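Given next are the chains, with one letter for each unit.
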Amino acid sequence: MRKVIGIGETILDIIFRGNQPSAAVPGGSVFNGIVSLGRMGIKVGFISETGNDRVGNIILQFMRENNIPTDHVNVFPDGKSPVSLAFLNEQSDAEYIFYKDYPKQRLDVLYPKLEEDDIVMVGSYYALNPVLSENLEYADIVRGSLEDFFYMYGLQDVDKIYKDKIKFYCPRFICTAGGDKVSLRTNLVSKEYPIEPLEAVSTIGAGDNFNAGLIYGLLKYDVRYRDLNNLNEEVWDKVVQCGKDFAAEVCRSFSNSVSVEFAGQYASK
């Protein structure tokens, strides 16, 4: 059975609407997607770190409840588990304040064994660390938001980002733009996908779960490493649709991942 290994931070998101906290949920860019994939019945692993404190215990317990093994999480004794305050605006988009106190010794963990055609998902500042171009070279698919690339490169034109910054390292590129559209660029396909409007409760896990949906689509339609160069438009359409479905589901609640109910219904389709 193919598995998905995530590498990323774990963090407790305290979500505010107005000036009052509405929810506190374990989060983290890759973590949110791994939780969703675990709920979909995919075999997952997660490489991360957390503090030996109440917040760390909440996160580890949440992982166990969602079928994510904690074997590859480094619990550091000095330093504190990171927390973020997420302030939702009228459009349910979040503005963040992060509180982090990491120790000097980082990610001292046992790494899982990778088999051929397993999928590795890297995100957040782990994707930028230590050298961005190195990670782009390792990547088989690069997905980011228009906002991400504006921060990184000062560019907002998808074709220019792809041609100038991505294509040389990785020929498969997906760019999301919030509720606007999804842009796909590969050696064979150049396409825009519209996003259907919806009433969002919170958009916090939308991009993370778009990634999870893409990965679910790659597994569902049995796309393997050797297939990527010749993947046709029809298969990409199906894979991107999974990404859109996961992202839309997450926007409907304060949860950072797809619900167990959604997972059960979607997996049986």
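Structure: above.
Remember, it's a predicted structure, so these values are computed and weren't measured experimentally.

### Remarks on a nonpolar patch on the surface
Right, on to step 1. The grouping of L114, V120 and V122 at the surface amounts to a nonpolar patch, some 230 Å² of accessible area in total.
Right, on to step 2. Residue position: L114 is located in the loop between β7 (94–101) and β8 (119–122).

### Remarks on the environment of I97
Right, on to step 1. Topologically, I97 is positioned in strand β7.
Right, on to step 2. Sequence-wise, I97 and I161 are 64 residues apart; in three dimensions their C-alpha atoms are separated by 28 Å.
Right, on to step 3. Among all residues touching I97, those that are not within four sequence positions of it are V83, S84, L85 and F87.

### Regarding the pattern of salt bridges
Right, on to step 1. What the rule picks out here adds up to 14 salt bridges.
Right, on to step 2. The partner of K113 in a salt bridge is E115, and the shortest N-O contact between them spans 3.4 Å.
Right, on to step 3. The exposure class of K113 is exposed, given its relative accessible area of 61%.
Right, on to step 4. A salt bridge links D159 to R185; the shortest N-O distance between them is 2.7 Å. Placement of the pair is D159 in helix α6 (residues 158–166) and R185 in strand β11 (residues 181–185), with a sequence separation of 26 residues.
Right, on to step 5. When its relative accessible area of 30% is taken as the criterion, D159 is described as partly exposed.
Right, on to step 6. Counted as one network, the salt bridges with shared partners bring together R2, D117, D222, R224 and R226.

### Remarks on the side chain of K3
Right, on to step 1. Along the chain, the position of K3 falls in strand β1 (residues 3–7).
Right, on to step 2. Here K113 takes part through its backbone oxygen, which lies 2.9 Å from a polar atom of the side chain of K3.
Right, on to step 3. Only 2.6 Å separates the side chain of K3 from the side chain of D118, close enough to count as a polar contact.
Right, on to step 4. Once residues within four sequence positions are removed from consideration, K3 is found in contact with K43, K113, L114, E115, D118 and I119.

### Some details on the sheet that holds strand β6 (residues 80–88)
Right, on to step 1. Read across the sheet, four strands follow the order β3-β2-β6-β7 without closing on themselves; strand pairing throughout is mixed. Looking along the sheet, the strands with just one partner apiece sit at the ends: β3 (20–27) and β7. Taking each pair of neighbouring strands and ignoring which way they run, the sheet shows an average axis angle of 20°.
Right, on to step 2. Bridging between strand β2 (residues 11–17) and β3 involves seven bridges; their strand directions are antiparallel. Opposite F16, over in β3, you have P21 as the bridge partner.

### Considering the packing of helix α5 (residues 146–153) against α6
Right, on to step 1. It is at 11 Å that the axes of α5 and α6 come closest, and there the two elements cross at 50°. Taken together, the axes of α5 and α6 are oblique relative to one another. With respect to the hand of their crossing, α5 and α6 are arranged in left-handed fashion. Contact residues: L146, F149 and Y153 in α5; V158, I161, K165 and I166 in α6.
Right, on to step 2. Counted by class, the contact of α5 with α6 contains six nonpolar, no polar and one charged residues.

### Structural notes on the state of the cysteines
Right, on to step 1. For the structure shown, the criterion picks out zero disulfides.
Right, on to step 2. You can see C175 has no disulfide; the closest cysteine sulfur is in C170, sitting 13 Å from it.
Right, on to step 3. On the basis of relative accessible area, C175 is assigned to the buried category, the value being 2%.
Right, on to step 4. Not engaged in a disulfide, the cysteine C242 finds its nearest cysteine sulfur in C251; these two sulfurs lie 16 Å apart.
Right, on to step 5. Using a relative accessible area of 2% as the deciding quantity, one classes C242 as buried.

Procedures and definitions
- Residues numbered from 1 in each chain as written.
- Predicted model: local features only at pLDDT ≥ 70, side-chain atom pairs only at ≥ 80, totals over all residues.
- Heavy atoms only, no water.
- Patch = residues over 30% accessible without salt bridge, like charges linked within 9 Å, V, L, I, M, F, W, Y side chains within 5 Å.
- Areas by Shrake-Rupley, 256 points an atom, 1.4 Å probe, with all protein chains shown as cover.
- Salt bridge = Lys/Arg side-chain N within 4 Å of Asp/Glu carboxyl O.
- Helix = DSSP H or I, 4+ residues; strand = E, 2+ residues; numbered from the N terminus.
- Contact = heavy atoms within 4.5 Å.
- Buried < 20%, exposed > 50% of the residue type's maximum accessible area, 1.4 Å probe, protein only.
- Polar contact = N/O pair within 3.5 Å; in protein donor to acceptor, adjacent residues only side chain to side chain.
- Pairing = 2+ DSSP bridges.
- Axes fitted to C-alpha atoms, helices over the stretch in contact; angles between N-to-C directions.
- Parallel < 35°, antiparallel > 145°, perpendicular 65-115°, else oblique.
- Left-handed = near helix turned anticlockwise from the far one by under 90°.
- Nonpolar A, V, L, I, M, F, W, Y, C, P; charged D, E, K, R; others polar.
- Disulfide = S-S within 2.5 Å.

On their own, these measurements won't tell you what the molecule is for.
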